[in-house]
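Geometric and topological summary
Chain by chain, the residues run as shown.
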Amino acid sequence: MTVQTLEHETATALFDVTPLQPSLGALITGIDLAKPIDRHSYDALRAALLKYRVLFFRDQNLTREQHIAFGAAFGDLEEHPVFSLPDYPQILPLISEELKGKYRQSTDSNWHADTTFRAEPSAASILIQRVSPSLGGDTVFANAVAAYDTLDEETKARIDGLTAIHDPSIFIQFLDSEEKKEALRASFPPVEHPVVRIHPETGEKVLFVNSVFTRHIVGLPEDKSKALLARLFDQVKRPEFHVRWSWQPGSIAFWDNRATQHYAVPDYSEARHMERVTIVGDRPVGPTAA
Ligand code: SIN
């Protein structure tokens, strides 16, 4: 396996980067995320994230405070409107026993980017595993830039100027009162995003519809919208755009949510506990608005 050290202006070997697949994903070693990150390491991690789109780490036994501090080094952190820890509102917990398969079926185990129901969807997410099933429960990540790039020219020209509606209605089933459901609808009304977004840092074109939060394409009749979305959702499922990550307690995945989608493989029956912090993003801009 090739191991390369990310070049940096200080010429210091900050950490090692091992690419995991041609399309995306790199394993980062030689760094302890429990310690405060210096400016150079932070800049180098940020550059690696833009290049590899998802960074993986092993044996990072971060406390919740350290997880939050690591995330906060990259930007403001979100509070999830439905799932958050009472004492740590920036942490989204995914506890398999509590969710009883419901989250898996509707959300996790469907291809998605995080929180595209927001007007400003998450820029990046940092997920740590706390408890592992003895087998299974991997997460697969897809490169949504490659998914766009490999569309035929006619489809690209067709979707470049389109927008789609996203909403958080999938979460209604997790709320136990009409008041909470109404509050979610009021706080997150349907939002219109470009079907193709320009990545705000790399300038790349990204396929920006997903099967969890995208409802329909604006201006198309329902049957045509459904058919086009199905075609675009399928494009993200191509294995050549994927990297698959097997978790252990203390493993971390840090993904650029503006350039990827992910899918939690629902093949486990034992406990699986995950905790995520999520970095605030910005309003997506499409190619025709640029
Ligand atoms: C997520 O969608 O943020 C969680 C993915 C996972 O549970 O593997």
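Below, the structure is looked at part by part.

Cut-offs used in this document
The written sequence of each chain sets the order in which its residues are numbered from 1. Since the coordinates come from a predicted model, pLDDT governs what is reported: local features require at least 70, and pairs of side-chain atoms require 80 or more to be given and counted, while whole-chain, interface and lining totals use all residues. In computing side-chain properties, one takes all heavy atoms of the structure into account and sets aside hydrogens as well as water. We call a residue near a molecule or strand as soon as one heavy atom of that residue lies within 4 Å of the molecule or strand. For this analysis, a polar contact is any N or O atom pair within 3.5 Å, provided that within protein one partner can donate a hydrogen and the other can accept it, and provided that sequence-adjacent residues contribute only side-chain to side-chain pairs. Residue burial considers only the protein chains on display, and all accessible areas are found by Shrake-Rupley using a 1.4 Å probe. Under the scheme applied, nonpolar residues are Ala, Val, Leu, Ile, Met, Phe, Trp, Tyr, Cys and Pro; charged residues are Asp, Glu, Lys and Arg; polar residues are all the others, including Gly. The secondary structure listing takes helices from DSSP runs of H or I that are at least 4 residues long and strands from runs of E that are at least 2 residues long, numbered from the N terminus. Here's how the labels work: a residue is buried when its accessible area is under 20% of the maximum for its type, exposed when over 50%, partly exposed in between, all with a 1.4 Å probe on protein chains only. The pairing test for Phe, Tyr and Trp rings, Trp by its six-membered ring, is centres within 6.5 Å, and the orientation test on the planes gives stacked under 30 degrees, edge-to-face over 60, and tilted for anything in between. Residues enter a nonpolar core if they are buried and are Ala, Val, Leu, Ile, Met, Phe, Trp, Tyr or Cys, with the set joined through side-chain atoms within 4.5 Å. Any pair of residues with heavy atoms lying within 4.5 Å of one another is described as a contacting pair.

1. Some remarks on the site of the ligand
By nearness alone, every residue bordering the ligand is listed as Leu94, Asp108, His112, Asp114, Leu127, Thr139, Trp255, His262, Ala264, Arg272 and Arg276. Within the side chain of His112, an N or O atom sits 3.0 Å from an oxygen atom of the ligand. Side-chain polar atom of Arg276 to an oxygen atom of the ligand: 2.7 Å apart, as the coordinates give it. Across the complex, the protein chains shield 100% of the 270 Å² of accessible surface that the ligand would expose by itself. Looking at the shell around the ligand residue by residue, the classes come out as four nonpolar, three polar and four charged.

2. Concerning unusual backbone geometry
Positive phi, close to 75 degrees, is recorded for Arg53, a residue that is not glycine. Mapping Arg53 onto the fold places it in the loop between helix H1 (39–52) and strand S4 (54–57). The backbone of Thr115 shows a phi angle near 50 degrees, a positive value even though the residue is not glycine. For Thr115, the location among the structural elements is in the loop between helix H4 (102–108) and strand S6 (124–131). On the basis of relative accessible area, Thr115 is assigned to the buried category, the value being 1%.

3. A word on the packing of aromatic side chains
A complete count under the given rule lists 16 aromatic pairs for this structure. Summarising the aromatic geometry, the rings of Tyr42 and Phe74 are spaced 5.0 Å apart at their centres and angled 45 degrees between planes, so their arrangement reads as tilted. One end of the pair, Tyr42, is in helix H1; the other, Phe74, is in the loop between helix H2 (64–72) and strand S5 (92–95), with 32 residues separating them in the sequence. Of the residues examined, Phe74 reaches a relative accessible area of 9% and is grouped as buried. Arranged with centres 5.5 Å apart and planes meeting at 25 degrees, the rings of Trp111 and Tyr263 form a pair that is stacked. Note that Trp111 is positioned in the loop between H4 and S6 and Tyr263 in strand S15 (residues 260–264), a separation of 152 residues in sequence. The class of Tyr263 is partly exposed, set by a relative accessible area of 24%. Members of the aromatic cluster, connected to one another through ring pairs, are Phe83, Phe117, Phe171, Phe174, Phe188 and Phe213.

4. As for the nonpolar core
Counting 31 residues, the largest nonpolar core has Phe15, Ile28, Leu45, Leu55, Phe57, Phe254 and Ile279 as its most contacted members. Contributing elements (two or more residues each) for this core: strand S3 (26–29), H1, S4, H2, S6, strand S14 (252–256) and strand S16 (273–279). Sort the elements by how many residues they give to this core and H1 lands first, with six residues. In this structure Ile28 touches Phe15, Asp16, Val17, Leu45, Leu55, Phe56 and Phe57, once residues within four positions along its chain are discounted.

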